[in-house]
Amino acid sequence: MDLLIRNIGQLIQILEPGNHWVAGSDMNHLEIISNAYLAVKDGMIADYGSMENCHYKSETEIDAAGKIVMPSFCDSHTHLVYSGSREQEFVDRIRGLSYEEIARRGGGINNSALRLRNATEEELYQEALMRVQEIMSQGTGAVEIKSGYGLDTASELKMLRVIRHLKETTPLTIRSTFLGAHAVPPEYTNDQDGYVDLIVNDMLPKVAASGLADYVDVFCDRGFFTVDNTSRILEAAGGYGLLPKIHANELDFSGGIQTGIKYNALSVDHLEYTGQNEINALLSSKTMPTLLPGAALFLGMIWPPARTMIDAGLPVALSSDFNPGSSPTGNMMLIMALGCISMKMLPEEAIHAVTINSAYAMGIEHQLGSITKGKKANLIITRAIPGYSYLPYAFGSDLIEQVILNGQIIKKQ
Ligand code: NIG
Ligand code: FE
């Protein structure tokens, strides 16, 4: 074996192969082995079990007595390629302005777009690389990253190339999403339809030809893209084989959830405004409801009804939404804690939500998101702690001692 982790206090989130997601009442059950081992070969999980049955030896052995070993986090929704920061808007909001008012005054996403257009590809890469290194040290092993701060064809392609560069140069598993429809740029003020023409006729063909995007996204919400324009974009993207993952129902009952489902979205994300109609639509779909508590906390929104969704039998994923305007953190341990503290998710439910369910939401559930033989050895080893419920309980503590990606030990920053 290339690596053997021995005497593991609790090995958690063990799933048999073939589990695509965990839903409803199954979410409050977590498969664990106490006093366990885990063996890694060729970057993959080769075997695991109870210490009594461990017959392996390795040159590299880690003693994890009293510690938790779990799959690394999958963060299925981020915007971590951006230029600069927006703490002035944070202060404006403390003084009473709303996210939408700030956007109307030229702040918000368009503020980031202006900066991104002026930044070189190398500058953007270096800034994003620092964020990637930070989230890796915080236990993230897979991340989805969106474009959407370019808002013209050349700048959107520039962002997508930066994401590809990150894919090529970091040990993270990365998926990229084209989000040309993040906001209407200043050149198209009061002409959303005209900007959508540009997306459909110019951006999408070029993005598809470049092979730079795995998925497509639209911010379908009040004050942003209408259901009609969202449908136009998703219809066109479908022609290029791009599945949607969309921003929906963050600001209102916008119809975004139903529109995403209609176009077979892999996930619909945010979902502060989710009622019984939306839950019924989700129940008859293969779309993962993905909640972003970092944004709900930071913007002072209502909380998405995670409890009602799970009690209705739905799966739920949690992700960070790492971005400069509404969630300037990619810390998934904190996101998991917010799921428990603010949305009344049980620790077991939150753990499913940041591993297998968020892996599904970015289309990598066959490779990542659980302790399963043959999956990538992307693992977190915690400090010695009493048990897994301590993870969301001790929120804000740095509980991660080591991170292993593709079977390699990543030194903590
Ligand atoms: O997911 N909701 C839309 N987009 C981002 C915010 C991006 C920004 O403000 O820069 C989000 O919250
Ligand atoms: Fe987002």
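What counts as what
- Residues numbered from 1 in each chain as written.
- Chains lettered and ligands numbered in written order.
- Predicted model: local features only at pLDDT ≥ 70, side-chain atom pairs only at ≥ 80, totals over all residues.
- Heavy atoms only, no water.
- Near = heavy atom within 4 Å.
- Polar contact = N/O pair within 3.5 Å; in protein donor to acceptor, adjacent residues only side chain to side chain.
- Areas by Shrake-Rupley, 256 points an atom, 1.4 Å probe, with all protein chains shown as cover.
- Phe/Tyr/Trp six-rings, centres within 6.5 Å; stacked < 30°, edge-to-face > 60°.
- Helix = DSSP H or I, 4+ residues; strand = E, 2+ residues; numbered from the N terminus.
- Buried < 20%, exposed > 50% of the residue type's maximum accessible area, 1.4 Å probe, protein only.
- Lys NZ or Arg CZ within 6 Å of the ring centre and 35° of its normal.
- Pairing = 2+ DSSP bridges.

The environment of ligand 1 is made up of 15 residues, and the closest members are Arg86, Tyr99, Tyr149, His182 and Ser326. Residue His270 places a side-chain N or O atom 3.0 Å away from an oxygen atom belonging to ligand 1. Take Asp321: an N or O atom from its side chain is 2.8 Å from an oxygen atom of ligand 1. Expressed as a share of its isolated accessible area of 330 Å², the protein-covered part of ligand 1 is 100%.

Let's shift gears to the packing of aromatic side chains. Counted by the stated rule, this structure contains 9 aromatic pairs. Geometrically, the ring pair formed by Tyr390 and Tyr393 is tilted, given 5.3 Å between the ring centres and 55° between the ring planes. Pair noted here: Tyr390 and Tyr393 are both in helix α15 (residues 390-393), with a separation of 3 residues, about one helical turn. A residue is classified by how much of its surface remains accessible, and Tyr390, at 26% relative accessible area, is partly exposed. Through pairs of rings, three or more aromatic residues link up here, namely Tyr188, Tyr195 and Phe225. Taking NZ or CZ as reference, Arg131 lies 3.5 Å from the ring centre of Tyr82, over its face. One residue, Lys373, lies across the ring of Tyr48, its end atom 6.0 Å from the ring centre.

With that settled, consider the pairing of strand β9 (residues 215-220). With 6 of its 6 residues buried, β9 lies for the most part within the structure. Two elements, strand β8 (residues 173-181) and β9, share 3 bridges in a ladder whose sense is parallel. Paired with Phe178 across the bridge in β9 is Val216. Examined bridge by bridge, β9 and strand β10 (residues 243-248) share 4 bridges and lie parallel to one another. Bridge assignment links Tyr215 to a residue of β10, and that residue is Leu243.

This part covers the sheet that holds β9. One key point about sheets: their strands pair by backbone hydrogen bonds, in either a parallel or an antiparallel sense. One open sheet holds the 8 strands; their spatial order is β6-β7-β8-β9-β10-β11-β12-β13, and the pairing between them is parallel. A strand with exactly one partner marks an edge of an open sheet, and here the two such strands are β6 (73-78) and β13 (317-318). Here strand β12 (residues 288-291) runs beside β13; their pairing, made up of 2 bridges, is parallel. Among the inter-strand pairings, Thr290 is bridged to a residue of β13, identified as Ala317.

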